[in-house]
Amino acid sequence: MQSLPMAAVTIEKRIEAAPERVFAVATDLDDLTETISGIVSVEVLTEGPVGHGTRWRETRVLHGRRATEEMGITGFDPPRSFVVEAASHGAEYRTEFRFEPEGAGTRVTLVFSARPVRLLARVLSVLSAAMMGSVRKAIEQDLEDVKRAAEAV
């Protein structure tokens, strides 16, 4: 039985920098803890340049607690888009980042979705509206952090 996706969160933000610059900032795993205020550590698990197949372990502070997830890039089309996926706590998570030129800047669209795959996650998915509110707030802060870093030239 296939479960329906939990509610998705879509956030858009205009950044006053070229798509190439914004894409580079958003995919710079080496500086992610300096760029994104909610991330406290990143451990890159693969070698080579960031791209399709890159995996890392990321620790964030959520609701006052540290949460560590292993993530991977499953789609990579610089400087247009990339997709990050993770599986944790009985759910699969997918975040798509799109970078579109808009005048001299970039329109960034981020779409986060989660799909429960285990019974407990399915039961808890009824609470997804409350969870998505805090996810939205974290994503908005992440994009604000990327904006600040990309515009600081």
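A. Examining the overall build of the chain more closely. A tally of regular secondary structure across the chain gives four helices and seven strands. For the chain, the sequential pattern of α-helices and β-strands runs β-α-α-β-β-β-β-β-β-α-α. Relative to its full complement of 153 residues, the chain shows a buried share of 41%. A sequence separation of at least 24 residues applies to 50% of the contacts in the chain between residues at least 6 apart. Carbon together with sulfur atoms contributes 54% to the accessible area of the chain, which is approximately 8,800 Å² in total.

B. Inspection of the pairing of strand E3 (residues 55-62) at higher detail. With five bridges connecting them, strand E2 (residues 39-44) and E3 associate as antiparallel partners. Residue pairing across strands places Ser41 opposite Thr59, the latter belonging to E3. For E3 and strand E4 (residues 65-77), the ladder comprises eight bridges, and the chain directions are antiparallel. Looking at the pairing, Val61 lines up with Arg66 of E4. What sits between E3 and E4 in their antiparallel hairpin is a turn of two residues, with His63 showing a positive phi close to 55 degrees.

C. How the structure looks around the packing of aromatic side chains. In the structure shown here, the tally under the stated rule is six aromatic pairs. Geometrically, the ring pair formed by Phe82 and Phe97 is stacked, given 4.3 Å between the ring centres and 10 degrees between the ring planes. Here Phe97 lies in strand E6 (residues 91-102) and Phe82 lies in strand E5 (residues 81-88), a separation of 15 residues in the sequence. The exposure classification of Phe82 matches that of Phe97, with both residues buried. Three or more aromatic residues link up through ring pairs in this structure, and these residues are Phe23, Phe76, Phe82, Phe97 and Phe99.

D. Inspection of the side chain of Thr106 at higher detail. On the secondary structure map, Thr106 appears in strand E7 (residues 105-116). Take Thr106: its relative accessible area is 0%, and that puts it in the buried class. Polar contacts involving the side chain of Thr106 include one to the main-chain carbonyl oxygen of Ala17, which spans 2.6 Å. Excluding residues that lie within four positions of it along the chain, Thr106 makes contacts with Lys13, Arg14, Ile15, Ala17, Ala18, Pro19, Val22, Phe99 and Glu100.

E. Broad picture of the confidence of the model for the chain. Across the chain, the average pLDDT comes to 87, with 86% of residues at or above 70. Averaged pLDDT values over the elements of the chain bottom out at 50 in helix H3 (residues 119-124) and peak at 98 in helix H1 (residues 19-26). With pLDDT under 50 throughout, residues 1-5 is counted as low confidence; its partners more than four residues away or in other chains account for nine contacts.

F. Layout of the nonpolar core. The biggest cluster of nonpolar side chains holds 30 residues, and the ones touching the most others in it are Ile15, Val22, Phe82, Val84, Phe99, Phe112 and Ile139. Counting residues per element, this core draws most heavily on helix H4 (residues 128-151), at six residues. Residues in contact with Ile15, not counting those within four places in the same chain, are Val22, Gly105, Thr106, Val108, Val146, Lys147, Ala150 and Glu151.

G. Summary view of the environment of Asp142. Take Asp142: it is sitting in helix H4. For Asp142, a relative accessible area of 15% corresponds to the buried category. For the pair formed by Asp142 and Ser37, sequence separation is 105 residues and the distance between their alpha carbons is 7.3 Å. Not counting chain neighbours up to four residues away, the residues in contact with Asp142 comprise Ile36 and Arg60.

Thresholds applied
- Sequence positions are assigned chain by chain, starting from 1 and proceeding in written order.
- For a predicted model such as this one, the threshold for reporting local features is a pLDDT of at least 70, and the threshold for listing and counting side-chain atom pairs is 80 or more; totals across whole chains, interfaces and linings nevertheless cover every residue.
- Here the side-chain values reflect all heavy atoms present in the structure, with hydrogen atoms and water set aside.
- The way it works is that DSSP assigns letters per residue, a run of H or I at least four long becomes a helix, a run of E at least two long becomes a strand, and they are numbered from the N terminus.
- Here the term buried applies to any residue with accessible area under 20% of the maximum for its type, exposed to any over 50%, and partly exposed to those in between, with areas from a 1.4 Å probe on protein chains only.
- When checking whether two residues touch, look at their non-hydrogen atoms; a contact exists if any pair is within 4.5 Å.
- Working definition of accessibility: Shrake-Rupley area with a 1.4 Å probe, residue cover restricted to the visible protein chains.
- Two strands pair if DSSP finds at least two bridges between them.
- Between 30 and 60 degrees the pair is tilted, below 30 it is stacked and above 60 it is edge-to-face, where a pair is any two Phe, Tyr or Trp rings, Trp via its six-membered ring, whose centres lie within 6.5 Å.
- Distance and chemistry together define a polar contact, namely a pair of N or O atoms within 3.5 Å, with one atom able to donate a hydrogen and the other to accept it when in protein, and with adjacent residues in sequence counting only for side-chain atoms on both sides.
- pLDDT expresses, on a scale from 0 to 100, how confident the predictor is about each individual residue.
- Buried Ala, Val, Leu, Ile, Met, Phe, Trp, Tyr and Cys residues form a nonpolar core when they are joined through side-chain atoms within 4.5 Å.

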